Amino acid sequence: MSVADVIVVVGATGTGKSALALDLADGIARRGGSAEVVNADAMQLYRGMDIGTAKVPLGERRGIPHHLLDVLDVTQENSVADFQSSARAEIDAVIERGNVPILVGGSGLYVSSVIYDFDFPGTDAVVRARLEAELLADGPGALYRQLKEHDEAAAVAIGSQNGRRLVRALEVFEMTGRTLTGTLPDAPVEWRTSSIIALEVPRPELVTRLDERVAGMWRDGIVEEAAALRSKGLDPETTAGKAIGYAQALAQLSGEISEEEAIESTRALTRRYARRQVGWFRRYAAAVTLDAREPGASARALAETLGLHDGD
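Here we summarise the structure given alongside this text. (Residues numbered from 1 in each chain as written. Predicted model: local features only at pLDDT ≥ 70, side-chain atom pairs only at ≥ 80, totals over all residues. Heavy atoms only, no water.)

## Observations concerning the overall build of the protein
What counts is decided by this rule: Runs of H or I in DSSP of at least four residues are treated as helices and runs of E of at least two as strands, each being numbered from the N terminus. With C-alpha atoms as the basis for the radius of gyration, the globule rule is written as 2.2 Å multiplied by the number of residues raised to the power 0.38. Relative accessible area decides the class of each residue, using a 1.4 Å probe on protein chains only: under 20% of the type maximum gives buried, over 50% gives exposed, and in between gives partly exposed. Whether two residues are in contact is decided by their heavy atoms: any pair within 4.5 Å suffices. Accessible surface area values rest on a Shrake-Rupley calculation with a 1.4 Å probe, where residue burial reflects the displayed protein chains alone. Charge assignment in this entry is limited to Lys and Arg as positive and Asp and Glu as negative, and neither His nor the chain termini are counted. Every charge is mapped to an atom, namely NZ of Lys, CZ of Arg, CG of Asp or CD of Glu.
Secondary structure summary: the protein contains 12 helices and six strands in total. At 19 Å, the protein has a C-alpha radius of gyration in line with the 20 Å of a compact globule built from 312 residues. In terms of its C-alpha atoms, the protein occupies a principal-axis envelope of roughly 65 × 45 × 35 Å. When burial is assessed residue by residue, the protein has 48% of its 312 residues classed as buried. Taking all contacts inside the protein whose residues are at least 6 apart in sequence as the whole, residues at least 24 apart take part in 77%. For the protein, the accessible surface area stands at approximately 14200 Å², while carbon and sulfur atoms represent 49% of it. In the protein, 34 side chains carry a positive charge and 46 a negative one; their mean positions are 2 Å apart.

## Remarks on the packing of helix 4 (residues 125-138) against helix 5 (residues 140-150)
To keep it simple, the criterion reads: Only the contacting stretch of a helix is used when fitting its axis, a line to C-alpha atoms as for every element, and angles between N-to-C directions run 0 to 180 degrees. Oblique is the label for any angle not covered by the other classes, which are roughly parallel (under 35 degrees), roughly antiparallel (over 145) and roughly perpendicular (65 to 115). Each residue gets one label: Ala, Val, Leu, Ile, Met, Phe, Trp, Tyr, Cys and Pro are nonpolar, Asp, Glu, Lys and Arg are charged, and the others, such as Gly, are polar.
Taken N-terminus to C-terminus, the directions of helix 4 and helix 5 make an angle of 125 degrees; their axes are 7 Å apart at the nearest point. In terms of orientation, helix 4 and helix 5 fall into the oblique class. Contacts from Leu131, Glu134, Leu135 and Asp138 in helix 4 reach Pro140, Ala142, Leu143 and Gln146 in helix 5. Taken together, the residues that form the contact of helix 4 with helix 5 break down as five nonpolar, one polar and two charged.

## Notes on helix 4
Residues separated by three or four positions in an α-helix point in the same direction, a consequence of the helix having 3.6 residues per turn. Inclusion rule: Here, expected helix span is obtained from the residue count minus one, scaled by 1.5 Å.
Between its first and last C-alpha atoms helix 4 spans 20 Å; for 14 residues at 1.5 Å apiece the expected length is 20 Å, and the two agree. Just past helix 4, the residue Gly139 takes up positive phi, approximately 90 degrees.

## Some words on the side chain of Thr266
Within the secondary structure, Thr266 sits in helix 11 (residues 259-281). In this structure Thr266 comes out as buried when scored by relative accessible area, which is 0%. Not counting chain neighbours up to four residues away, the residues in contact with Thr266 comprise Val214, Met217, Trp218, Ile244, Gly245 and Gln248.

## Structural notes on the side chain of Arg61
As a reminder of what qualifies: We count a salt bridge whenever a side-chain nitrogen from Lys or Arg sits within 4 Å of a carboxyl oxygen from Asp or Glu.
Along the chain, Arg61 turns up in the loop between strand 2 (35-39) and strand 3 (66-67). It turns out Arg61 is buried and unbridged, and the closest side chain with the opposite charge, Asp70, is 4.4 Å from it. Not counting residues within four places of it along the chain, the set of residues in contact with Arg61 comprises Leu22, Lys55, Val56, His66, Leu69 and Asp70.

## Thoughts on the environment of Val126
Its place among the elements puts Val126 in helix 4. The exposure class of Val126 is exposed, given its relative accessible area of 64%. Separated by 118 residues in the primary sequence, Val126 and Val8 have C-alpha atoms spaced 38 Å apart.

## Here's the deal with the environment of Ile244
Position of Ile244 among the secondary structure elements: in the loop between helix 9 (222-230) and helix 10 (246-253). Sequence separation between Ile244 and Ser265 is 21 residues; the distance between their C-alpha atoms is 9.0 Å. Once residues within four sequence positions are removed from consideration, Ile244 is found in contact with Thr266, Leu269, Thr270 and Tyr273.

## A short note on the nonpolar core
As a reminder of what qualifies: Among the buried residues, those of types Ala, Val, Leu, Ile, Met, Phe, Trp, Tyr and Cys that are joined through side-chain atoms within 4.5 Å form a nonpolar core.
Ranked by size, the top nonpolar core spans 46 residues in total, and within it Met49, Leu103, Ile115, Trp218 and Tyr284 carry the most contacts. At five residues, the largest contribution of residues to this core is made by helix 3 (residues 108-115). The residues contacting Leu103, other than those within four sequence positions of it, are Val6, Ile7, Val8, Val9, Val38, Asn39, Ala40, Ile91, Val111, Val114 and Ile115.

## A few points about the packing of aromatic side chains
The criterion, for reference: We call Phe, Tyr and Trp rings a pair once their centres come within 6.5 Å, taking the six-membered ring for Trp, and we label the pair stacked below 30 degrees between planes, edge-to-face above 60, and tilted otherwise. By the criterion adopted, a ring carries a charge over it if an Arg CZ or a Lys NZ lies within 6 Å of its centre and within 35 degrees of its normal.
Applying the stated criterion to the full structure yields three aromatic pairs. Ring geometry for Phe83 versus Tyr110: centroids 4.8 Å apart, planes at 35 degrees, classification tilted. Residue Phe83 is found in helix 2 (residues 80-96), and its partner Tyr110 is found in helix 3; the two are separated by 27 residues along the sequence. Side by side, Phe83 and Tyr110 carry an identical accessibility label, which is buried. One aromatic cluster in this structure is built from Tyr116, Phe281 and Tyr284. Above the face of the Trp191 ring, Arg192 is positioned so that its terminal group lies 5.4 Å from the ring centre.

## Some words on the sheet that holds strand 2
Our working rule: Strands pair, by our definition, only if DSSP identifies at least two bridges between them.
Spatial ordering of the open sheet is given by 3-2-4-1-5-6, a layout of six strands whose pairing is parallel. Two strands in the sheet have a free side with no partner beyond their single neighbour: strand 3 and strand 6 (288-291). Alignment of strand 1 (residues 6-11) against strand 5 (residues 194-200), held across six bridges, turns out to be parallel. Note that in strand 5 the partner of Val8 across the bridge is Ile196.

## A closer look at the pattern of salt bridges
Enumeration according to the criterion identifies 21 salt bridges in this entry. Close ionic contact of Asp26 with Arg62 constitutes a salt bridge, the shortest N to O distance being 2.7 Å. One end of the pair, Asp26, is in helix 1 (residues 17-30); the other, Arg62, is in the loop between strand 2 and strand 3, with 36 residues separating them in the sequence. Exposure remark for Asp26: the relative accessible area of 24% places this residue in the partly exposed category. Arg62 gets classed as partly exposed once you look at its relative accessible area, which sits at 42%. Ionic pairing is found between Glu205 and Arg293, a salt bridge with its closest N-O pair at 3.4 Å. Of this pair, Glu205 sits in helix 8 (residues 203-220) while Arg293 sits in the loop between strand 6 and helix 12 (297-306), placing them 88 residues apart in sequence. Using a relative accessible area of 30% as the deciding quantity, one classes Glu205 as partly exposed. For Arg293, a relative accessible area of 41% gives the class partly exposed. Ionic contacts of the salt-bridge type, sharing partners, join the residues Glu205, Arg209, Asp291 and Arg293 into one network.

Here it is, written out as structure tokens:
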């Protein structure tokens, strides 16, 4: 049904990736095929983290199978290598069923690890122990600055507070002389053939959308959701607990910041993250970039991914 093995939908937070993926699946069904969605958002992997990740509720998935949603407890860690293995296995299974996999998400390193030839080195216990000692002594900010000197793209993708992933990125650099971004070839080699749709919204409108989304998260109960997850082990030191929105909700619950401060901090971090996402996905030379506001965006995306021509 698809011209390529995998349809990929990427873009910044707030551009409507999930809705477009559902529209594509519906369009494929109208043409006699069947599609399944594979999640590529790092935080939607976690059970119960729904409001802050804009996870599509089960009742709104239009009967389309979704994979790699709600597969981890909030106490569990997950690496890019883990995700690569899981996502590729899901995609292979969808193809074996004769269906079209639609990989959708905004976590750039996760998406790249799946669609491109991306090999992960092993580990070095001595190097890791030293870096973990540095993390304890100096905090994640010091490791972030180190990584930024070697690989700014990887540093901004990981963020300045995710100590575990910063340690891993620096470990890879010391072991191989290459950074995580550098493990991708200069001319990316596809794992499977892919058709990539990159959604964009002009920055001023995107900022408005993001600010409204964050306000909506608080109206919809992210603080209550974070409180419930805290009882299940959600902690500021875990990967899940560092997610934008949840980290601020936890800080509000503990009395460290006010609700207004939590919302404004989440807005600022979300805007910054969206800027990084746009920069990452603009490196996908093969992607077809669509304005998410365009009335015919879904139809055009379907035409691009299925190789349709006027009148088809």
